[in-house]
Amino acid sequence: MAKHGADELSCRSGSLDGEGRASEDRSLLRQRLAVQELIDTEVSYLHMLQLCASDIRSRLQQLPQGDLDVLFSNIDDIIKVNSRFLHDLQETASKKEEQVQLVGNLFLEFQEELEQVYKVYCASYDQALLLVDTYRKEPELQRHIQGIIEAVVPQAGSSGLSFLLVIPLQRITRYPLLLQKILENTVPDASAYPVLQRAVSALQDVNTNINEYKMRKEVASKYTKVEQLTLRERLARINTHTLSKKTTRLSQLLKQEAGLIPRTEDKEFDDLEERFQWVSLCVTELKNNVAAYLDNLQTFLCFRPHEYSLDIPEGPAVQYCNLARDLQLEAFLTFKQRLEGLVWQPLCSLAKALRGPQNLIKKRLDKLLDFERLEEKLLEVGSVTYQEEAARHTYQALNSLLVAELPQFNQLVVQWLGQILRTFVTLQRDLAKQVLQRAEGSMAQLPHHHVPEPAFRKLVEDALGRTSNQLRSFQETFEKVLPPPTTQPLLPGSERQAQALLSRYGPGKLYQVTSNISGTGTLDLTLPRGQIVALLQNKDTKGNSSRWLVDTGGHRGYVPAGKLQLYHVVPSAEELRRQVGLNKDPRCLTPEPSPAPAPSIPTVNQVIAVYPFVARSSHEVSLQAGQPVTILEAQDKKGNPEWSLVEVNGQRGYVPSGFLARAQSPVLWGWSLPS
C-alpha cells in the first residue's frame, strides 16, 4: 500500500515537471516569435521609409521644396539610425542563447539616437498634416499625389500621404510594446530579464520625452510668429482680459524692482541669453555694414569717368579708359552680383532667423512673471485653477525649450556668421586678383610702370598732397568771393517802411518773410513774402519759441519763426557808387560777406548778375549769379533807379539794380573764360 502511494506521488511529480518544462518551452517559443516579430517588422518599416524617401519624394517634385521639407522632415536621419539598428538587430540572430539580452542592450545603446531623430519628426508632424489638408482642397493636385502613392505603396489606399506620414510615429510608440511582449515571455530569474526591464523603461521615457518636446515646440510656434498688424488690428485685440494680464505683470515687475518680492534667478538661462544678444548684435552690425558697403559700391558703379570725353586721342589716358570700362562692365558688376547672392542674402536670412528666438525670450519674461505670481499663490493657498496650471506649464515649456536649444542655436549662428565673413573676404581677394590680371597688360603701358612700389606710393602721395593744397586754396578763395546769402529785394514803395523799422530797431532785429503767411489766430498776422518785420520777442506768452512776436511798422502780432530769415540791408545805389569810387580796384566790385555792397550800374548795356534773384510776378525776371544780362532801361516806369528793365535768355522783366555789375571785371582765380 505504501509502495503504491509512493509510485503515485512519483507520477504526479513527474507530471508537474513535464508541465513546467512544457510551459517554459511555450514561453521560450513565444519569446523567440516576439523577437522575430521585432526583426521582421523592422525590415518592413525600414523598406517603407526608403520608398518614401526615394520613390515618392522624387516624384513629388512639383510641390515646393519647402513643402517637401515639412512633409518628409528628417526622414533621411531616421533611415540612417534605423539602418544601423536593424543591422545590429539581425546580427543577434546568430547568438540564440544570448539574443534576448543582446536585444535589450541594443535598445539601451540606441536610446539617445532614437529620441533625437524621432522628436524632430514628431514635432513637425502636425504641420505636415496641415499641408495635406490644403492639398485636398485642390482636386487636381490631390489626384496627382494619390496616383503616385498608389503606384508605389498600394496598401496606402485612400489615406494617401496621411498613411505614410504617420508610420514613424507608430513605430516609435510600438517599440515599448514589442519589448514588453518579449519581457512577458522571459522568466524572471533569467539574466536577460533586468536588461529587458531597463530597455522597456528607456523606450517609455523616449516616448514621454518626445511628447514633452512636441508640446514645447507647439508652445514655441505660437509665440515665434511675427505678425505684421496695423494699429487698428492691435487695438482690436485689446480687451479686459489682456489689460488685466498686463497690469498684473507690470505690478509684479514693479514689486521686484522695488525689492518687495524676490526675483527668480536662473544663471544658466541668463548666460545663454547674454550670449544670444551678443550674437544678435554681431549679425545686426554686420548687416548694416554690408548694406552701407553695397550702397557705396552702387555709387561707385554709377560714376563712369571712362565715358567722359578727355580730348586726348591716345596715350595712357586711353589705356586707363579701356581698363576702367572693362573693369566696370565685367569685374565690378560680377563682384556685386556675387556679393549680393553669397553674402547679403544669407545675412538677411540669418537676421530673419533671429526673430523667433527673440520673440520667445520676450515672451518668457512675461510667462516668468505669471509663474512667479502663481508660485506665491501656491504657497499661500495651496492650489491653483486649471488655467493657472496651464500658465505654469507654458513657462516651464518655454524655459526648457530655450535652455535646451539656445546653445545649439548660438553655435550655429556663430558658424554661419563666420562662413559669411570668410565668403566676403574670399570675394574681395578674388576681385583684387581679377583686377590685377586684367590690368597687367595695361599697366605696362603706363608712364610709371617701371617705378618700384615704394617710390610709386610716394609719388602718388605727393601728387595727392599738391592737388589737395590746390583744392583747399581754391575753396578759401571761393569762400571769400562768394556772395552772402541773399534776401528778396523790397517791393517798390516799401523802402520807407523798412527804413523806419531799421532806424527804430537796428539791422540786427530786422527779418524778412520767406513765404506767404496766413494768420489763423486772433493775434496772428497775415503777411506776404518779402515783407520786412522787426523782432520784438522770440517766443510767445506760453514760451513757445516757434512763434515770434514781430512789428510790421503798423501792426504787431505773432508769425511762425520758421518763415523768417535775418534781413541783410542792401545799400542804395548812391551809397554803392560812393563805395565804388573810394576803391579803384575792379576786384572790389565783388561783394563781401557782410554787409553786402553791390557794384554800381555801368553805363554799358551788357552786365552780369552778382546775386541770384527769384521773380515774384510776371513783371520780374529771375537771375542766376554770374549770368549775362542786357540792360534795356536803368530805371522802372516811375523813374526809380533801384529797379532796372533787363533781358535775360530772351525774357524781359525788372530786377534789382543792386544785383548787377560790370561784365568787364577781371576774371577771378586765374581761370580763363571761354571765348
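Only a predicted model underlies this, so the values are computations on that prediction, with no experimental measurement involved.

Undergrad: For this particular structure, what's the right way to read the overall build of the protein?
TA: Helix and strand content of the protein: 18 helices and ten strands. Across the 675 residues that make up the protein, the buried fraction comes to 35%. Counted over contacts in the protein with a minimum sequence separation of 6, partners at least 24 positions apart contribute 67%. As displayed, the protein offers around 41,100 Å² of accessible surface, 54% of which is attributable to carbon and sulfur atoms.

Undergrad: Help me out: how do you make sense of the pairing of strand 7 (residues 628-633) in this one?
TA: Examined bridge by bridge, strand 6 (residues 606-609) and strand 7 share three bridges and lie antiparallel to one another. Bridging from a neighbouring strand, Val607 pairs with Val629 of strand 7.

Undergrad: Hey, could you run me through the pairing of strand 6 in this one?
TA: On any regular strand, side chains alternate: one points to one face of the sheet, the next to the other face. Inspection of the sheet shows strand 6 paired to strand 10 (residues 660-662) by three bridges, in the antiparallel sense. Residue pairing across strands places Val607 opposite Arg662, the latter belonging to strand 10.

Undergrad: Would you mind going over the side chain of Thr92 with me for this structure?
TA: Tracing the backbone shows Thr92 in the loop between helix 3 (75-91) and helix 4 (99-123). Given the relative accessible area of 5%, Thr92 is considered buried.

Undergrad: I'm lost on the packing of aromatic side chains in this one. Help?
TA: When we look at a pair of aromatic rings, we describe it by the centre distance and by the angle of the planes. By the definition in use, this model includes twelve aromatic pairs. Seen in terms of ring centroids, Phe85 and Phe110 are 5.4 Å apart; in terms of plane orientation they differ by 75 degrees. Their pairing is edge-to-face. Of this pair, Phe85 sits in helix 3 while Phe110 is found in helix 4, placing the two residues 25 residues apart along the sequence. For the pair formed by Phe85 and Phe110, the shared burial category is buried. When the centroid spacing of 6.4 Å and the interplanar angle of 70 degrees are considered together, the rings of Tyr293 and Phe335 count as edge-to-face. On the criterion of sequence distance, the pair formed by Tyr293 in helix 12 (residues 267-302) and Phe335 in helix 13 (residues 316-353) is long-range, its members being 42 residues apart. Phe335 gets classed as buried once you look at its relative accessible area, which sits at 5%. Aromatic ring contacts, followed pair by pair, group Phe85, Phe107, Phe110 and Tyr175 into a single cluster. A cation over a ring is seen here: Arg57 above Phe72, with NZ or CZ 5.8 Å from the ring centre. Between the NZ or CZ atom of Arg547 and the centre of the ring of Tyr558, over which it lies, the distance is 4.6 Å.

Undergrad: Looking at this structure, how should I read the nonpolar core?
TA: When a protein is soluble and globular, its nonpolar side chains tend to lie buried together. Counting 67 residues, the largest nonpolar core has Ile56, Leu71, Phe107, Tyr118 and Tyr175 as its most contacted members. Take this core: its biggest share by element is twelve residues, from helix 1 (residues 2-59). When residues no more than four places from it in sequence are discounted, the contact partners of Tyr175 are Leu38, Glu42, Tyr45, Asn82, Phe85, Phe107, Tyr118 and Leu203.

Undergrad: Before we go on, may I ask you to explain helix 3 in this structure?
TA: Given 3.6 residues to a turn, an α-helix orients residues that are three or four positions apart in the same direction. Along its 17 residues, helix 3 runs 24 Å from first to last C-alpha, staying within 8% of the 24 Å computed at 1.5 Å per residue. Here helix 3 has its buried residues at Ile75, Ile78, Ile79, Val81, Asn82, Phe85, Leu86 and Leu89.

Undergrad: Would you take a moment to explain the sheet that holds strand 6 for this structure?
TA: What links the strands of a sheet is backbone hydrogen bonding, and the strands pair in either a parallel or an antiparallel sense. Strand order in the open sheet formed by five strands is 9-8-7-6-10, with antiparallel pairing between adjacent strands. Because the sheet does not close on itself, it has two edges, and the strands there are strand 9 (651-656) and strand 10. Sheet twist, expressed as the mean angle between neighbouring strand axes with direction ignored, is 50 degrees.

Undergrad: Explanation requested: the confidence of the model for the protein in the structure shown.
TA: Do not read the fine detail of predicted coordinates wherever pLDDT is low. Averaged over every residue, the pLDDT of the protein is 79; residues scoring 70 or more account for 80%. Taken element by element, the predicted model of the protein shows its lowest mean pLDDT in helix 18 (residues 573-582) (52) and its highest in helix 3 (92). In this model residues 582-604 is a low-confidence stretch, pLDDT under 50, and it forms 47 contacts with partners more than four residues away in sequence or in other chains. Counted against residues more than four places away or in other chains, residues 664-675, with its pLDDT under 50, gives twelve contacts.

Undergrad: Would you mind showing me how to read the sheet that holds strand 5 (residues 564-566) here?
TA: Spatially, the five strands line up as an open sheet ordered 4-3-2-1-5, and their pairing is antiparallel. Across the chains shown, the open sheet's two edge strands, defined by having one partner strand only, are strand 4 (556-560) and strand 5. Ignoring strand direction, the axes of neighbouring strands in this sheet form an average angle of 50 degrees. Here three bridges tie strand 1 (residues 510-513) to strand 5, and the two strands are oriented antiparallel to one another. Within strand 5, the residue paired with Tyr511 across the bridge is Leu566. Contacts between helix 17 (residues 495-505) and the sheet are confined to strand 1, strand 2 (532-537), strand 3 (547-551) and strand 4, with strand 2 contributing the most and set at about 30 degrees to the helix.

Undergrad: Can you help me understand the environment of Ser83 in this one?
TA: By the element assignment, Ser83 lies in helix 3. For the pair Ser83 and His47, spaced 36 residues apart in the sequence, the C-alpha separation amounts to 9.8 Å.

Undergrad: Looking at this model, I keep getting lost on helix 4. Mind explaining?
TA: The end-to-end C-alpha distance of helix 4, which contains 25 residues, comes to 34 Å, matching closely the 36 Å that a straight helix rising 1.5 Å per residue would cover. At Phe110, helix 4 is deflected by roughly 50 degrees, the largest bend along its length.

Undergrad: Explain a nonpolar patch on the surface to me, please; I cannot follow it from the model alone.
TA: A cluster of nonpolar side chains, namely Phe456, Leu459, Val460 and Leu464, defines an oily patch on the protein surface of about 330 Å² accessible area. Its relative accessible area of 56% is what places Leu464 among the exposed residues.

Undergrad: I would appreciate a short explanation of the packing of helix 2 (residues 65-72) against helix 5 (residues 125-136) in the present structure.
TA: Helix-helix packing is described using two parameters, namely the angle between the two axes and the distance between the axes. Remark: helix 2 packs on helix 5, axes separated minimally by 8 Å, with the N-to-C direction vectors making an angle of 125 degrees. As far as their axial angle goes, helix 5 and helix 2 are oblique. Crossing geometry of helix 2 relative to helix 5 is assigned as left-handed. On the side of helix 2, the interface is formed by Asp67, Val70 and Leu71, while helix 5 contributes Gln127, Ala128, Leu131, Val132 and Tyr135. Classifying every residue of the contact of helix 2 with helix 5 by side-chain character gives six nonpolar, one polar and one charged.

Undergrad: Would you mind going over the packing of helix 4 against helix 8 (residues 167-184) with me for this structure?
TA: Put simply, helix 4 and helix 8 touch, their axes get as near as 11 Å, and they point 160 degrees apart. Between helix 4 and helix 8, the angle falls in the class roughly antiparallel. The two elements helix 4 and helix 8 meet at a crossing, and its hand is left-handed. Packed against helix 4, whose contacting residues are Val100, Val103, Phe107, Leu114, Tyr118, Tyr121 and Cys122, the element helix 8 presents Pro168, Leu169, Ile172, Tyr175, Leu179 and Ile182 at the interface. Class assignment of the residues belonging to the contact of helix 4 with helix 8 gives a composition of 13 nonpolar, no polar and no charged.

Criteria and thresholds
Numbering of residues starts from 1 in every chain and runs along the sequence as written. This being a predicted model, a pLDDT of at least 70 is required before a residue's local features are given, and a value of 80 or more before pairs of side-chain atoms are given or counted; all residues contribute to the totals for chains, interfaces and linings. Excluding hydrogens and water, the side-chain figures rest on all heavy atoms present in the structure. Strands are runs of DSSP state E lasting at least two residues, helices are runs of H or I lasting at least four, and both sets are numbered from the N terminus onward. Relative accessible area decides the class of each residue, using a 1.4 Å probe on protein chains only: under 20% of the type maximum gives buried, over 50% gives exposed, and in between gives partly exposed. Working rule for contacts: check all heavy atoms of both residues, and any pair within 4.5 Å makes them a contact. Areas reported as accessible are Shrake-Rupley estimates using a 1.4 Å probe. Residue values count occlusion only from the protein chains shown. Only strands that DSSP links by at least two bridges are regarded as paired with each other. In this analysis, rings of Phe, Tyr and Trp, with Trp reduced to its six-membered ring, are considered paired at centre separations within 6.5 Å, and the interplanar angle assigns stacked below 30 degrees, edge-to-face beyond 60, and tilted for intermediate values. Consider the ring centre and the ring normal. A charge sits over the ring if Lys NZ or Arg CZ is within 6 Å of that centre and within 35 degrees of that normal. Here, nonpolar core means buried Ala, Val, Leu, Ile, Met, Phe, Trp, Tyr and Cys residues that are tied together by side-chain atoms lying within 4.5 Å of each other. For a helix, the expected span equals 1.5 Å multiplied by the residue count minus one. Each axis is a line fitted through C-alpha atoms, taken for helices only over the stretch in contact, and angles between the N-to-C directions span 0 to 180 degrees. Confidence of the predictor at the level of single residues is captured by pLDDT, which takes values from 0 to 100. Bend at a given residue is defined as the angle between two axes, one fitted to the seven residues that end at that position and one fitted to the seven that begin there. Without a salt bridge and with relative accessible area above 30%, a residue can belong to a patch; like charges are then joined within 9 Å and nonpolar side chains (Val, Leu, Ile, Met, Phe, Trp, Tyr) within 5 Å. For this analysis, a salt bridge means a side-chain nitrogen from Lys or Arg found within 4 Å of a carboxyl oxygen belonging to Asp or Glu. Relative orientations are named as follows: roughly parallel for angles under 35 degrees, roughly antiparallel for angles over 145 degrees, roughly perpendicular for angles from 65 to 115 degrees, and oblique for any other angle. Crossing chirality is assigned from the near helix's rotation relative to the far helix, an anticlockwise turn below a right angle marking it left-handed and a clockwise turn marking it right-handed. Nonpolar residues are Ala, Val, Leu, Ile, Met, Phe, Trp, Tyr, Cys and Pro. Charged residues are Asp, Glu, Lys and Arg, and all others, Gly as well, are polar.

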